[in-house]
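Chain and residue survey
Letter by letter, the chains look like this.
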Amino acid sequence: MSEQGGESTALPRSVPNATVQEVAGARVVIAVGKKKTAIAKAVVRPGIGRVRVNGIPIEIWPIEMARMRMMEPLLLAGKELTGKVDIDVTVRGGGFMGQATAVRMAIARGLVEYFQNSKLLELYMTYDPSMIKGDPRRTEPKKPGLKHARSKRQKAYR
């Protein structure tokens, strides 16, 4: 593969669940991430590197494992890219790790769509494809007459 002159190359296809808008002359990207029943919406706009989740700075998020999961796309992208944008994320539904995974997906999709950088997309896809593609698994519904989705009545032969 030959190296082009520009660092940012156009994406071969668009990122799922990410839309680009012009607001007051500035480029704004709205990206959605989902995990189980948690839905996160990230708004990426030009700024100084602030990242807020439900109005709280991501650096002081109370649950450490969730905070580390949410910061993965930011750490992979590096300070030179994340320092150019502000990201506001709103997340609802699900548990705290489902919300963290949804936020991670929304941030990754938003950054890739904002910078239109195929190297960043390739980095995310190599690290963890679910950062861009998502995870289609959902909980199986409970069946009538049973306690759980796949439980059966116990049977004794003696």
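To be clear, the structure that these remarks concern was listed above.
Just so it is clear, the model here is predicted, and its values are computed rather than measured.

Here's the deal with the overall build of the protein
Looking only at helices and strands, the protein features four helices and six strands. When its helices and strands are written in sequence order, the protein yields β-β-β-β-β-α-α-β-α-α. Computed over C-alpha atoms, the radius of gyration of the protein comes to 19 Å, more than 25% over the 15 Å expected from 2.2 N^0.38 for 158 residues, which places it beyond the range of a compact globule. Judged by the C-alpha coordinates and their principal axes, the protein covers about 75 × 40 × 25 Å. In the protein, which comprises 158 residues, the proportion classed as buried is 38%. Contacts spanning at least 24 positions in sequence make up 68% of the contacts within the protein whose residues lie at least 6 apart. For the protein, the exposed area adds up to about 10200 Å²; of that, 55% sits on carbon and sulfur atoms.

Observations regarding the pattern of salt bridges
Inspection of every chain in the model, using the stated rule, returns seven salt bridges. Lysine 35 serves as the salt-bridge partner of aspartate 135, at 2.9 Å between the closest nitrogen and oxygen. Residue aspartate 135 is found in the segment after helix 4 (118-127), and its partner lysine 35 is found in strand 2 (residues 26-35); the two are separated by 100 residues along the sequence. Looking at aspartate 135, the relative accessible area reads 18%, which means it is buried. Classification of lysine 35 as buried rests on a relative accessible area of 16%. Among the charged side chains, a salt-bridge network with shared partners connects Lys35, Asp135 and Arg137.

Remarks on the nonpolar core
In this structure, Ile87, Leu111 and Tyr124 are the most contacted members of the largest nonpolar core, which totals 37 residues. Going through the elements one at a time, strand 2, strand 3 (38-46), strand 4 (51-53), helix 1 (64-77), strand 6 (85-92), helix 3 (96-115) and helix 4 are the ones with two or more residues in this core. When residues of this core are assigned to their parent elements, the largest contribution, 10 residues, is made by helix 3. With residues up to four places along the chain from it excluded, the contact list for tyrosine 124 reads Pro73, Leu76, Ala77, Ala108, Leu111, Val112, Pro129, Met131 and Ile132.

A few points about helix 4
Among the residues making up helix 4, those that are buried are Leu120, Leu121 and Tyr124. All buried residues of helix 4 lie within an arc of 100 degrees about the axis, which places them on one face of the element. Opposite its buried face, helix 4 presents the exposed residues Glu122 and Thr126, each directed more than 90 degrees away. Buried positions along helix 4 lie against helix 1, helix 2 (79-82) and helix 3. Regarding helix 4, its N-cap is asparagine 117, as a side-chain oxygen of that residue lies 2.9 Å from the backbone nitrogen of lysine 119 further along.

Concerning the side chain of aspartate 135
Side chain to side chain, aspartate 135 and lysine 35 meet in a polar contact 2.9 Å long. Polar contacts involving the side chain of aspartate 135 include one to the side chain of arginine 137, which spans 2.8 Å. When residues no more than four places from it in sequence are discounted, the contact partners of aspartate 135 are Lys35 and Met105.

Regarding unusual backbone geometry
Phi is positive for lysine 36, which is not a glycine, with a value near 55 degrees. Mapped onto the fold, lysine 36 is located in the loop between strand 2 and strand 3. Here lysine 36 falls in the exposed class, since its relative accessible area comes to 52%. You will see that asparagine 54, though not glycine, has its phi angle at about 50 degrees, which is positive. Looking at the element boundaries, asparagine 54 is found in the loop between strand 4 and strand 5 (56-57). In this structure asparagine 54 comes out as partly exposed when scored by relative accessible area, which is 39%.

Focus on the sheet that holds strand 2
Overall, mixed pairing links the six strands, which are arranged 1-2-3-6-4-5 in an open sheet. Single-partner strands in this sheet number two, and they are strand 1 (18-23) and strand 5. Note: strand 4 against strand 5, two bridges, orientation antiparallel. Counterpart to valine 53 in the pairing with strand 5 is isoleucine 56.

The rules behind each value
- Residues numbered from 1 in each chain as written.
- Predicted model: local features only at pLDDT ≥ 70, side-chain atom pairs only at ≥ 80, totals over all residues.
- Heavy atoms only, no water.
- Helix = DSSP H or I, 4+ residues; strand = E, 2+ residues; numbered from the N terminus.
- Rg over C-alpha atoms; globule rule 2.2 N^0.38 Å.
- Buried < 20%, exposed > 50% of the residue type's maximum accessible area, 1.4 Å probe, protein only.
- Contact = heavy atoms within 4.5 Å.
- Areas by Shrake-Rupley, 256 points an atom, 1.4 Å probe, with all protein chains shown as cover.
- Salt bridge = Lys/Arg side-chain N within 4 Å of Asp/Glu carboxyl O.
- Core = buried A, V, L, I, M, F, W, Y, C linked by side-chain atoms within 4.5 Å.
- Arc of directions from axis to C-beta.
- Polar contact = N/O pair within 3.5 Å; in protein donor to acceptor, adjacent residues only side chain to side chain.
- Pairing = 2+ DSSP bridges.

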